[in-house]
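Survey of secondary and tertiary structure
Residues per chain, in single letters:
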Amino acid sequence: MLKKIRKYFGPKKLAEGNKIVINSEKLETRVALLESGVLEEYTVERVHDEHIVGSIYKGIVRNIEPGLNAMFVDIGLEKNAFLHFWDAIPEALDSGMEEIHRNNRKGGGGGDGGKGGGQNQPQNRGQKGQKGQGGGGQGKGRGKKKGGNRPKKIQSKDIPDLYPVGSEVMVQVTKGPIGNKGPRVTTNISLPGRYMVLMPRNDQLGISRKIEDPKERARLRKIMAEKMTIPEGKGVILRTVSSGQKVRYFVRDLAMLLQQWDEIEENAAREKAPACVFHEPDLIERTVRDFLTEEIDEVLCDRAEDVERMKELAGLISRRSKNRITHFTTPIPIFEKLGIQNQIDDAFFPQVWLPSGGYLVIDETEALIAIDVNTGRAKTQDKMILQTNIEAAEEIARQLRLRNIGGLIVCDFIDMKARRDQNAVYKAMRERVRRDKAKTQVLQISQLGLMEMTRQRLHESLNLTVNEPCPFCQGRGNVKTAESMSVELQRKINGVLAKQGERLDGLIVVVHPDVLERMKTHDGKLFAELERRHNSRLTFRSDPTYHREQMVFADPKTQREITA
């Protein structure tokens, strides 16, 4: 009995259970999600970074591109936001949600088919200069069908008339700026809470399908129908974390979200477009809101102020959650103490080893992620191939979360003859990506042994956040060999001497030490031949501060640099 008490109340081993570890520093905050000591997710937010995904803006439509089925909205940032026509149409619940009834009818207009219907009509599609609730006007196209009470269904062809150039529109950022692309926005605004998501312009009600217990789903349906007062015209989706929670938590969460929306509407009515009317919370607050679930055993943070702030935020949601937040003091940096830093460093290598001896090679491009699975030291028997591929599927899903990479992903697995084995790998991948908060879609392995996937990409990847292209190789990942530079140097010298003619008595050439060593040991005769051909003296110098592909030419008399 005493052992059980000690086990429950005593400190847990660092490698046990699920933990959130937070490292707060002056320039950046880092959050790591550990599952049994293995790093699953890693997020970095720096002081000067502006996190805008989830923020709500009152913008102005600047131009409409019918060919792209999109419009560009000025929300006050450097680049206009991209609003696709489909993102301006009232949105139906996706397949991950079960739509439930409200007052003996479906809680949305999704029953009309496709996106749309219901009471989720754009509320801010007014004429230029008109202001209504939420920063827009009354707009056009709200006529009803003959003989019915349902508002007219909005289609993409109606959008240019609903949102003319110069009109104001309230939008929410769904995807941050990546590379040279501006942010992507939607008019389907949603406010995430601890247990639910409030959709203030959509009257659909839904429950996450990740809650699989039929009895629990029935209980949640009853709660939404009988014990929660959800205003007409507004919708709610119960998140996965709502499973097993008491009614009072839902009531409190809903009240907080409704109050938040009232404040947003007040800001929108007061501010002049373009303006931000709601800032998405910082990383600390988002961590408490999105990650501090029943599955998390402990939260460790190395900054006392952030610990107190998290406890205060958690106390608004659940008193029990406060007890799981701990101030972790250690003279050694917390990420090094818990073995996280080494796992982060490994995330930047293109090669990832698997337990069986196989390995992955991950190649990240702007529009596509290519992942190659290799046997490595593993044997080639069918069972070992299947084991390697299953390990690869699980590790690929982990790496996508850890590196925060998305878009189109193509995985080249080791060839498997049996369709049964291919299905086993597909099942392993599907099961592993269910833990990912980003939306993913996985297709069966093709005849060529390729598995195609898509993963929602909201921000730049971890690699692009932390690193920048090498100024020497310009992101190629390779530099020219000393031999290649010797060949190029001969070509450049020949061109410089031919252009300058008799104006030069000689030429000073400064190169990297590796290139000079190549010239001395292998190519000296070739450069001597250049001197004889142009009747000019060449003086070679090395500079260790140069990169290998750098070379400089100068006039020996004036020391003036000569452009090749």
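Refer to the structure presented above.
Structure report, in brief. (Residues numbered from 1 in each chain as written. Predicted model: local features only at pLDDT ≥ 70, side-chain atom pairs only at ≥ 80, totals over all residues. Heavy atoms only, no water.)

Attention now goes to the overall build of the chain. Summing up its helical and strand segments, the chain has 15 helices and 27 strands in all. Each of the 564 residues in the chain was classed as buried or not, and the buried ones make up 46%. Summarising the internal contacts of the chain: among those between residues at least 6 apart in sequence, 68% fall at separations of at least 24. Accessible surface, the chain: about 30400 Å² in total, of which carbon and sulfur atoms supply 49%. (Helix = DSSP H or I, 4+ residues; strand = E, 2+ residues; numbered from the N terminus. Buried < 20%, exposed > 50% of the residue type's maximum accessible area, 1.4 Å probe, protein only. Contact = heavy atoms within 4.5 Å. Areas by Shrake-Rupley, 256 points an atom, 1.4 Å probe, with all protein chains shown as cover.)

Further remarks concern the nonpolar core. Counting 29 residues, the largest nonpolar core has Ile371, Ile396, Phe413, Met429, Met451 and Met453 as the members making the most contacts within it. Elements with a contribution of two residues or more to this core: β19 (359-364), β20 (368-374), α10 (382-403), β21 (407-412), α11 (419-433) and β23 (450-455). Among the elements that line this core, the one with the most residues is α10, at seven residues. Those residues in contact with methionine 429, other than ones at most four positions away along the chain, are Ala393, Ile396, Ala397, Phe413, Val442, Met451 and Met453. Counting residues in each nonpolar core, the second largest holds 28 residues, with Met170, Met196, Ala268 and Phe278 among its members. (Core = buried A, V, L, I, M, F, W, Y, C linked by side-chain atoms within 4.5 Å.)

With mixed pairing, four strands are arranged side by side in an open sheet as β25-β24-β26-β27. Single-partner strands in this sheet number two, and they are β25 (537-542) and β27 (561-562). When strand β26 (residues 551-554) meets β27, the two strands line up antiparallel, connected through two bridges. When the sheet's bridge partners are listed, alanine 554 is paired in β27 with glutamate 561. In the packing of helix α14 (residues 513-521) onto the sheet, contacts are made with β24 (506-511) and β25, and the angle to β25 comes to roughly 135°. (Pairing = 2+ DSSP bridges. Axes fitted to C-alpha atoms, helices over the stretch in contact; angles between N-to-C directions.)

What follows concerns the side chain of glutamine 204. As for its position among the elements, glutamine 204 is in the loop between β12 (196-199) and β13 (205-208). In this structure the side chain of glutamine 204 is engaged in a polar contact, spanning 3.0 Å, whose partner is the side chain of asparagine 202. (Polar contact = N/O pair within 3.5 Å; in protein donor to acceptor, adjacent residues only side chain to side chain.)

Looking now at a positive patch on the surface. A contiguous patch of positive charge, built from Lys246, Arg248, Arg252, Arg319 and Lys322, is present on the exposed surface. Looking at the positive patch, the elements with two or more residues in it are α4 (247-270) and α7 (319-322). Note on placement: arginine 252 falls in helix α4. (Patch = residues over 30% accessible without salt bridge, like charges linked within 9 Å, V, L, I, M, F, W, Y side chains within 5 Å. Salt bridge = Lys/Arg side-chain N within 4 Å of Asp/Glu carboxyl O. Lys, Arg positive; Asp, Glu negative; His and termini not counted. Charge placed at Lys NZ, Arg CZ, Asp CG, Glu CD.)

In a regular helix each residue adds 1.5 Å, so 19 residues correspond to 27 Å; helix α13 (residues 482-500) covers 26 Å between its end C-alpha atoms and thus fits that length. Among the residues of α13, Ala482, Met485, Ser486, Glu488, Leu489, Gln490, Ile493, Val496, Leu497 and Gln500 are the ones counted as buried. Considering only its buried residues, α13 is in contact with β24, α14, α15 (524-534), β25, β26 and β27. (Expected span 1.5 Å × (residues − 1).)

Another aspect to go through is unusual backbone geometry. Residue alanine 273 is joined to proline 274 through a cis peptide bond whose omega torsion reads -5°. Among the secondary structure elements, proline 274 is positioned in the loop between α4 and β15 (275-278). Backbone geometry at asparagine 69 places phi at a positive 55°, although glycine is not the residue there. Along the polypeptide, asparagine 69 turns up in the loop between β4 (56-65) and β5 (70-74).

Let us now look at the side chain of glutamine 422. Take glutamine 422: it is sitting in helix α11. The contacts of glutamine 422, once residues within four sequence positions are left out, are Met416 and Ile445.

Further remarks concern the pattern of salt bridges. Evaluation of the coordinates by the stated rule reveals 26 salt bridges. Between glutamate 28 and arginine 30 there is a salt bridge, with its nearest N and O atoms 4.0 Å apart. The same class applies to glutamate 28 and to arginine 30, which are both buried. By sharing partners, the salt bridges in this structure join Glu40, Glu41, Arg401 and Arg432 into a single network.

Right, let's talk about the sheet that holds strand β3 (residues 38-46) for a bit. Paired through backbone hydrogen bonds, the strands of a sheet run either parallel or antiparallel to each other. The mixed open sheet is built from five strands, whose spatial order is β3-β2-β1-β16-β17. Every interior strand has two partners, whereas the edge strands, β3 and β17 (325-327), have only one. Across the sheet, the mean angle separating the axes of adjacent strands is 20° when strand polarity is ignored. Direction of pairing for strand β1 (residues 18-24) relative to strand β2 (residues 28-35): antiparallel, over a ladder of seven bridges. The residue bridging valine 21 from the neighbouring strand is alanine 32, located in β2.

Here α11 is 15 residues long and its end C-alpha atoms lie 21 Å apart, about the 21 Å a rise of 1.5 Å per residue gives. Among the residues of α11, Asp421, Gln422, Val425, Tyr426, Ala428, Met429, Arg432 and Val433 are the ones counted as buried. Taken down its axis, α11 places every buried residue within 155° of arc, on the same side. α11 presents Arg420 and Lys427 as exposed residues on the side facing more than 90 degrees away from its buried surface. (Arc of directions from axis to C-beta.)

Turning our attention to the pairing of β19. Consecutive side chains of a regular strand alternate in pointing toward one face of the sheet and then the other. Here strand β18 (residues 351-353) runs beside β19; their pairing, made up of three bridges, is antiparallel. Bridge pairing in β19 places valine 352 opposite leucine 360. In terms of strand pairing, β19 meets β20 through six bridges, oriented antiparallel. Residue tyrosine 359 lies in a different strand from β20, and its bridge partner there is asparagine 374.

Okay, the packing of α13 against α14 next. Where α13 meets α14, the axes come as close as 9 Å, and the angle between the chain directions of the two elements is 75°. With respect to each other, α13 and α14 are oriented roughly perpendicular. Touching Ala482, Glu483, Met485, Ser486 and Leu489 of α13 are Asp514, Val515, Arg518 and Met519, all from α14. (Parallel < 35°, antiparallel > 145°, perpendicular 65-115°, else oblique.)

Here we take up the packing of aromatic side chains. All told, the structure shown has six aromatic pairs when counted by the stated rule. Ring plane angle 70° and centroid distance 5.6 Å describe the contact between phenylalanine 72 and phenylalanine 82, whose orientation is recorded as edge-to-face. A residue pair is termed long-range when its members are at least 10 positions apart, and phenylalanine 72 in strand β5 and phenylalanine 82 in strand β6 (residues 81-84) qualify at 10 residues. Relative to tyrosine 249, the ring of tyrosine 195 lies with its centre 5.8 Å away and its plane at 10°, an arrangement referred to as stacked. Of this pair, tyrosine 195 sits in the loop between β11 (191-192) and β12 while tyrosine 249 sits in helix α4; the two residues are 54 residues apart in sequence, bridging distant segments of the chain. (Phe/Tyr/Trp six-rings, centres within 6.5 Å; stacked < 30°, edge-to-face > 60°.)

On to the pairing of strand β16 (residues 298-301). Here β16 shows no split at all, with Glu298 and Leu300 on one side and Val299 and Cys301 on the other all buried. Taken together, the three bridges between β16 and β17 define a ladder with parallel strand orientation. Opposite leucine 300, over in β17, you have threonine 326 as the bridge partner.

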